[in-house]
Amino acid sequence: MNSVSPARRREVLDALRRGAVPSAGLDLFAVGLHRFETAVGEDLATVAAGGSVFKAIRGEYGSGKTFFTRWIAERAKRANLATAEVQVSENETPLHRLETVYRRLTERLATATFPPSALRPVVDGWFYALEEDVLAAGDVPPDDAEALDRAVGVLLDQRLAAVSRHAPAFAAALRGYRTAMLGGDQATADAVLAWLGGQPHVAAAARRAAGVRGDLDHFAALSFLQGLLTVLRDSGHPGLLVILDEVETLQRVRSDARDKALNALRQLIDEVHSGRFPGFYLVITGTPAFYDGPQGVQRLAPLAQRLAVDFTTDSRFDNPRAVQIRLPGFTVDALVELGGRVRDLYADGSAQTDRVMALVDDAYLGELARAVAGGLGGKVGVAPRLFLKKLVGEVLDRVDQFVEFDPRQHYALTLSAAELTDVERNATRADDILLDL
């Protein structure tokens with residue numbers, strides 16, 4: 001791990017210290033994901049070549065669904081795809097309102113170069129690419145701004161012809177954005193770009209200037225997604241990975257909203273498989289209860305049929321190419337391996353490398369892993385977050401800073417209810433647990 005930059009190492013360790021999943025650097029300690037590498041690579045190659053892929057991730061709370069999807073996102077960015085991670089929720093992002101999902105998607109849009117929201121640089125990059133294509137054709141003098149602008153407008157219409165048949169407002173908004181930018185009207189350009197990203201309540205004057213009306217609705221959202229994929233592709237990003245995380249929250253909404261959301265998901269999957277969205281990789285995550293229980297996928301037979309996979313067989317032989325894949329969850333051995341990778345990453349950036357490696361050896365990692373799992377009622381599957389949080393913030397940091405600190409002598413693991421998630425709290429029966437190592 002000597003090739004890891006100090007900034008990247010610090011970002012990863014800071015996230016673990018907070019008990020969060022790092023937004024980058026997950027390949028440094030991806031444990032147990034080798035079985036999925038080939039299939040994910042094939043999916044990304046399919047998307048980059050203009051195909052479309054849908055995948056459902058299945059795992060209990062704490063099994064690493066967020067880690068896994070962010071690991072896919074890192075690989076997608078290395079392939080120059082854009083990504084967006086959207087948290088599904090009843091109030092903020094209801095799945096049955098696809099216009100809201102699209103809005104969250106544009107807010108969370110990221111590339112290898114630009115963090116969220118990357119919508120503006122992507123659109124600006126697209127117009128730059130259009131100008132370059134016009135100039136490369138040799139029909140327009142480089143110093144004739146008006147002719148260049150007209151030619152770019154013609155090319156814009158050509159590239160978005162398929163989208164404009166269903167959602168002419170998408171191309172109109174892009175033309176309005178470019179006109180405002182060329183005219184130096186930054187406020188109007190900002191407002192039009194916000195409208196293009198699905199934001200509601202955009203000033204009427206800006207909408208009039210772009211020749212569009214109203215707000216984006218449920219049906220136009222899919223056409224706008226088509227348009228966004230076209231813009232991404234022409235600006236150098238061959239595809240888009242969208243992660244709809246925590247879809248199991250649908251089980252807790254009103255029955256009418258739940259049924260609409262399940263049908264919207266079915267519609268979205270069918271559109272992906274129909275080829276309407278070239279360069280689109282859609283991933284959803286959910287618990288087994290969501291896929292198998294009466295309040296989830298099973299409420300809508302056509303959706304259940306599309307996601308059906310037999311998981312009664314030996315998990316060692318699960319098919320990573322299946323439409324639905326399950327994450328096996330952590331064992332103590334996997335926790336020790338994970339802890340070893342984090343320890344090595346930490347040691348490589350520490351002035352006390354030898355002490356870190358000696359005092360936090362694999363045997364101690366095993367003790368800590370078993371203690372954390374024991375504090376959570378023996379449920380190893382929900383232990384990784386707390387295990388890494390304690391390892392970095394309470395063990396490695398102290399070994400690094402205090403010469404006399406020995407975790408076997410001076411550290412006793414304490415789990416407080418205040419620091420636990422709901423799932424972790426449910427796994428234990430006591431508010432405060434003291435475990436001597």
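In what follows, the structure referred to is the one given above.
The model shown is predicted, which means the values in this text are computed figures rather than measured ones.

A. Examining the side chain of E248 more closely. One can find E248 in the loop between β3 (240–245) and α12 (255–274). It turns out E248 is buried and unbridged, and the closest side chain with the opposite charge, K65, is 5.2 Å from it. Sequence-distant contacts of E248, defined by excluding residues within four places in its chain, comprise Y61, T285, G286, T287 and F290.

B. Quick look at the side chain of T111. Relative to the helices and strands, T111 is located in the loop between α4 (98–107) and α5 (119–137). A relative accessible area of 4% means that T111 is categorised as buried. If sequence neighbours within four positions are ignored, T111 has contacts with K77, A82, A118, V122 and H237.

C. Examining the environment of P407 more closely. Inspection of the secondary structure puts P407 in helix α19 (residues 407–410). For the pair formed by P407 and L368, sequence separation is 39 residues and the distance between their alpha carbons is 9.9 Å. Setting aside residues no more than four positions away along its own chain, P407 makes contact with L359, Y364, V395 and V399.

D. Local environment of the sheet that holds strand β4 (residues 280–286). Reading across from one edge, β2-β3-β4-β1-β5 is the order of the five strands in this open sheet, with parallel pairing throughout. The open sheet has two free edges, formed respectively by β2 (82–87) and β5 (324–326), since each of these has just one partner strand. Going across the sheet, the axis of each strand differs from the next one's by a mean of 20 degrees, ignoring polarity. Where helix α2 (residues 34–48) meets the sheet, it contacts β1 (52–58), β3, β4 and β5, and its direction lies at approximately 150 degrees from that of β1. Contacts from helix α11 (residues 218–234) reach β2, β3 and β4 within the one sheet, and its direction differs from that of β3 by about 140 degrees.

E. Region of the structure containing the packing of helix α1 (residues 6–17) against helix α18 (residues 384–401). Packing of α1 against α18 leaves a shortest axis separation of 7 Å and a crossing angle of 110 degrees. By the angle between their axes, α1 is roughly perpendicular relative to α18. Residues L13, L16 and R17 of α1 lie in contact with α18, whose contacting residues are L388, K389, V392, G393 and D397. Of the residues contributing to the contact of α1 with α18, the split by class is four nonpolar, one polar and three charged.

F. Geometry of the pairing of β3. Counted residue by residue, β3 has six buried out of six residues, so it is predominantly covered. Residues L240, V242 and L244 point to one face of β3 and L241, I243 and D245 to the other, with burial holding for every one of them. As defined by bridge partners, β2 adjoins β3 across six bridges and the pair is classed as parallel. Across the sheet, the residue bridging to A82 is L240, located in β3. Here β3 pairs with β4 via five bridges, running parallel.

So, how was this worked out
Residues numbered from 1 in each chain as written. Predicted model: local features only at pLDDT ≥ 70, side-chain atom pairs only at ≥ 80, totals over all residues. Heavy atoms only, no water. Helix = DSSP H or I, 4+ residues; strand = E, 2+ residues; numbered from the N terminus. Buried < 20%, exposed > 50% of the residue type's maximum accessible area, 1.4 Å probe, protein only. Lys, Arg positive; Asp, Glu negative; His and termini not counted. Salt bridge = Lys/Arg side-chain N within 4 Å of Asp/Glu carboxyl O. Contact = heavy atoms within 4.5 Å. Pairing = 2+ DSSP bridges. Axes fitted to C-alpha atoms, helices over the stretch in contact; angles between N-to-C directions. Parallel < 35°, antiparallel > 145°, perpendicular 65-115°, else oblique. Nonpolar A, V, L, I, M, F, W, Y, C, P; charged D, E, K, R; others polar.

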